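Summary of the model geometry
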Amino acid sequence: MLVLIVLGLSSAHAGDLPPAVSQALQEAGIPARSVAIVVQAVDGGLPLLSHHPQQAMNPASAMKLLTTYAALELLGPAHTWRTEVLAESVPVNGRLDGHLYLRGSGDPKLGLEQFWLLLRQLRARGVADIGGDLVLDRSAFAVPLHDPGEFDKEPLRPYNAGPDALLVNLKSVRLTLLPDSARQAVKVIAETPSEGLRIDNRLSLGNEACGDWREQVRPVVNGQSIELGGRFPAACGEKALHLAPWAADLQVEGLFRALWRELGGGFSGRVREGHVPASARMLAVQESPALGEVIRDINKFSNNVMARQLFLTLDSERPATAVGARRRISGWLQAKGLYLPELVLDNGSGLSRSERISAASLAALLRAAWHSPVMPELIASLPIAGVDGTLRKRFNEGLASGRAHLKTGYLEGVRALAGFLLDHSGKRWIIVCMINDPQARLGKPAIDALLLWVARR
């Protein structure tokens with residue numbers, strides 16, 4: 001018999017909030033009606049605190065809790081992705097006649113090193129010269145055309161890259177910025193190889209505090225050239241600048257040509273999209289790390305692109321679609337007896353203006369996760385307060401330091417925090433706090449006050 005898990009939580013007024021939380025909200029100019037909170041013991045019972053628990057809220061990246069928990073149960077912690085290299089012929093004396101096919105399955109973690117290892121496998125198996133084209137097979141996912149600038153008009157930011165069945169190195173390049181005070185200049189190192197990449201360095205060295213240095217650097221892409229203008233403060237020291245400057249085919253082509261040349265290979269063909277023919281045979285395979293490891297990157301560093309890859313993987317049909325992923329998550333929730341009537345799923349990453357969930361539903365989800373066989377993997381993937389991930393510099397000297405595993409969420413108009421906290425009496429609590437308000441960026445002190453209020457118990 002199906003048992004629906006619903007938190008029977010009533011709404012609350014501002015006066016029901018801990019005084020420190022109310023005061024922090026008042027100072028930030030955030031009305032209590034813009035906040036939803038649930039604090040409840042992991043073993044259930046009446047909540048310690050319940051404030052607007054049923055209100056549908058945008059959770060920002062806290063939505064990754066749903067995506068990663070569903071993935072652990074539906075796919076299993078040992079699930080892996082395979083990226084395959086195929087051809088219709090075998091190499092003869094080092095030469096492969098015909099096309100080489102690269103087929104993806106949606107691996108969220110096919111980084112520079114993993115791609116290099118795949119190409120090295122190919123060289124070790126006797127391929128030195130490729131006579132045809134490199135054909136990229138992305139047919140595992142069926143996704144609409146993606147506009148990387150649609151969400152926040154920042155198309156070069158890697159977090160805005162769309163999902164891709166053949167996502168290589170998160171579609172990004174890494175540039176290292178090094179201040180040179182002696183020469184009053186900024187040195188730029190291209191850490192990610194790419195054939196034809198040119199850096200037009202027009203950065204000036206600043207003497208101001210580091211602050212939000214990324215906003216002061218202005219990249220402009222023109223073909224294979226990246227122009228860097230603006231200022232970079234010397235006080236920042238060495239910084240990594242990650243950019244997603246090119247369309248997927250062009251990005252893979254530049255990386256492939258550079259790495260293949262470094263490995264001593266020859267290639268004079270084109271790089272294009274296509275499908276692997278039925279007659280093709282396998283030449284090399286690169287397998288991803290297990291899902292239990294992949295979700296650590298997704299949650300600890302709130303990686304939106306990886307979360308979107310995982311979300312699509314949840315569709316049991318191929319090609320995978322967002323509609324199919326939503327359908328499977330809905331069926332999973334129903335089978336678990338989790339009734340989340342206000343839930344709105346878009347891409348599963350939280351990088352969305354439409355996704356919604358209530359504090360009560362998110363708390364119910366976390367309570368179900370606590371009793372799940374995959375609980376250790378999920379909790380281990382969450383940032384630890386004051387220790388690592390997105391919480392490394394937060395609570396590092398407070399009572400919650402090292403005692404809370406929490407997923408953060410932040411968008412314009414949204415701040416959220418959800419997860420587990422062990423108080424100083426040894427009792428573990430589920431904590432969910434979401435703020436949806438134009439002043440939400442100022443809500444961090446109120447959320448911090450809530451955590452400290454629970455930690456002191």
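Everything discussed here concerns the structure shown above.
For the structure given in this document, a descriptive report is provided here. (Residues numbered from 1 in each chain as written. Predicted model: local features only at pLDDT ≥ 70, side-chain atom pairs only at ≥ 80, totals over all residues. Heavy atoms only, no water.)

**Digging into the sheet that holds strand 1 (residues 35–41)**
Let me state the cut-off plainly: Pairs of strands are assigned from DSSP output, requiring at least two bridges between the strands. Going along the chain from the N terminus, every DSSP run of H or I of four or more residues is numbered as a helix, and every run of E of two or more is numbered as a strand. Angles shown run from 0 to 180 degrees and are taken between the N-to-C directions of axes, each axis being a line fitted to C-alpha atoms and, for helices, limited to the stretch in contact.
With antiparallel pairing, the 5 strands of this open sheet are ordered in space as 2-1-20-19-18. Each edge of the open sheet carries a strand with a single partner, namely strand 2 (49–51) and strand 18 (404–411). Within the sheet, the average angular offset between the axes of one strand and its neighbour, ignoring direction, is 10°. Pairing geometry for strand 19 (residues 414–422) and strand 20 (residues 428–436), over 9 bridges, is antiparallel.

**Section: the packing of aromatic side chains**
Heads up, the rule is: Stacked, tilted and edge-to-face pairs are distinguished by plane angle, under 30 degrees for stacked and over 60 for edge-to-face with tilted covering the rest, among Phe, Tyr and Trp rings (Trp via its six-membered ring) whose centres lie within 6.5 Å. The buried label goes to any residue with under 20% of its type's maximum accessible area, the exposed label to any with over 50%, and the partly exposed label to all in between, with areas taken from a 1.4 Å probe on protein chains only.
For the structure on display, the rule yields 5 aromatic pairs. Taken together, a centroid distance of 5.0 Å and an interplanar angle of 80° make the contact between Tyr69 and Trp332 edge-to-face. Of this pair, Tyr69 sits in helix 2 (residues 64–75) while Trp332 sits in helix 7 (residues 322–336); the two residues are 263 residues apart in sequence, bridging distant segments of the chain. Classification of Trp332 as buried rests on a relative accessible area of 7%. Between Trp213 and Phe232 the ring centres are 5.7 Å apart and the planes differ by 90°, which places this aromatic pair in the edge-to-face class. Highlighted residues: Trp213 in the loop between strand 11 (204–206) and strand 12 (217–222) and Phe232 in strand 13 (residues 225–233), separated in sequence by 19 residues. For the pair formed by Trp213 and Phe232, the shared burial category is buried.

**Let's talk about the pattern of salt bridges**
Here is the rule we go by: Should a side-chain nitrogen of Lys or Arg be within 4 Å of a carboxyl oxygen of Asp or Glu, the pair is scored as a salt bridge.
Tallied over the full model, the rule gives 24 salt bridges. Residue Asp249 is joined to Arg138 by a salt bridge in which the shortest nitrogen-to-oxygen separation is 2.5 Å. Within this pair, whereas Asp249 is found in helix 4 (residues 248–262), its partner Arg138 is found in the loop between strand 7 (134–137) and strand 8 (173–180), the two being separated by 111 residues in sequence. For Arg202, the salt bridge goes to Asp200, with nearest N and O atoms at 3.1 Å. Each of Arg138, Asp164, Asp249 and Glu273 takes part in a single network of salt bridges with overlapping partners.

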